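# Notes for the structure review
Now for the letters of each chain:
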Amino acid sequence: MKLQGKLALVTGAGRGIGRGCALELAREGAALVINDRPGSPDLASAAEEIRALGRRCTAIEADVFSRAGCESLVAQAAQVGAIDLLVSNPAFGRRGKFLEYDPEVFDRVIQGTLASGFHMSQLVARQMVAAGRRGKIVFISSVHAYRPYADSVAYNAAKAGLNHLAKTIAVELVKHRINVNLIEPGWIDTPNERVTFGDTVLEEQAPRLPWGRIGQPADIGRAAAFLCSDDADYITGAVLRVDGALVLRDCLAEF
């Protein structure tokens, strides 16, 4: 219960990593404001799952891919209470070959993954600073931030930019004692991955990963709960990779 008495805002919390983060923060005692896109089929069930843990939860639909949507979300969240913790998890990705990649899709990936992270964190940090409150901001990045995986030109660029964005924000918010950190998930079993690769591929590949299994949203959620807790008080501007040694896989070869 290390987050008891705290109010956390988690974006993209209807399913996948966002939902995993919201649930783990709730298990540590936080009250939640969770967000997903307008018309989300998953947001209501996520809220009920959190309430079943005995936590307060407010679900807000908003399009955080736009500045106006971020402003609406933060304004509604502020009516619930002062935000202590932000898990910024907006993301949009589409795979495709560089030579054929749609420029409009590229712009949307950058907007949804990088620019949205800026908008959400700026709006929440402004409230924290104005109120003189210390807080925690956690960005969900990816191992794609520094691994140039093929067919992911836009997502790779967006996550690399997000890492540098977050570290710069961390520098500027030090004087306000607001911790800003990143989590880099590896291969996580989410609905989007199931759509991209299919159930068969995930089930075949999971045992071949270094840790013997694919990551779960709860793995990322537990890392987020740690970075949001007082145990991480002396950590800011850091990147916590949670990937089951995925990026070390090539180092495991025996010669």
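Up top is the structure.
Report follows, based on the coordinates. (Residues numbered from 1 in each chain as written. Predicted model: local features only at pLDDT ≥ 70, side-chain atom pairs only at ≥ 80, totals over all residues. Heavy atoms only, no water.)

### Considerations on the layout of surface pockets
The probe, sized like a water molecule, is rolled over the atoms to show the empty space still left. Quantified by volume, the largest pocket comes out at close to 1500 Å³. Taken together, 47 residues line the largest pocket, and the ones lying closest to its centre are Gly93, Tyr155, Thr190, Asn192 and Glu193. Elements with a contribution of two residues or more to the lining of the largest pocket: helix 1 (16-27), strand 2 (31-36), helix 5 (153-173) and helix 6 (191-197). Counting residues per element, the lining of the largest pocket draws most heavily on helix 6, at six residues. (1 Å grid on protein atoms, 1.4 Å probe; cavity = no way out; pocket = protein on both sides within 12 Å on 5 of 7 lines; lining within 4 Å. Points joined across faces, edges and corners; volume = space filled by probe spheres on them. Helix = DSSP H or I, 4+ residues; strand = E, 2+ residues; numbered from the N terminus.)

### Structural notes on the sheet that holds strand 4 (residues 85-88)
Judged by pairing direction, the sheet is parallel, and its seven strands sit side by side in the order 3-2-1-4-5-6-7 without closing on themselves. The outermost strands of the open sheet, each flanked by one partner alone, are strand 3 (57-61) and strand 7 (239-242). Recorded for the sheet is a direction-independent mean angle of 15° between the axes of neighbouring strands. Where strand 4 and strand 5 (residues 135-140) come together, four bridges link them in parallel fashion. Its bridge partner being in strand 5, Leu86 is matched across the sheet by Ile137. Sitting on the sheet, helix 3 (residues 67-80) touches strand 1 (7-10), strand 2 and strand 3, and the angle it makes with strand 3 is about 160°. The strands touched by helix 8 (residues 217-228) are strand 4, strand 5, strand 6 (178-185) and strand 7; relative to strand 6, the strand with the most contacts, the crossing angle is about 165°. (Pairing = 2+ DSSP bridges. Axes fitted to C-alpha atoms, helices over the stretch in contact; angles between N-to-C directions. Contact = heavy atoms within 4.5 Å.)

Honestly, that's just the spatial picture; any functional story needs more than this.
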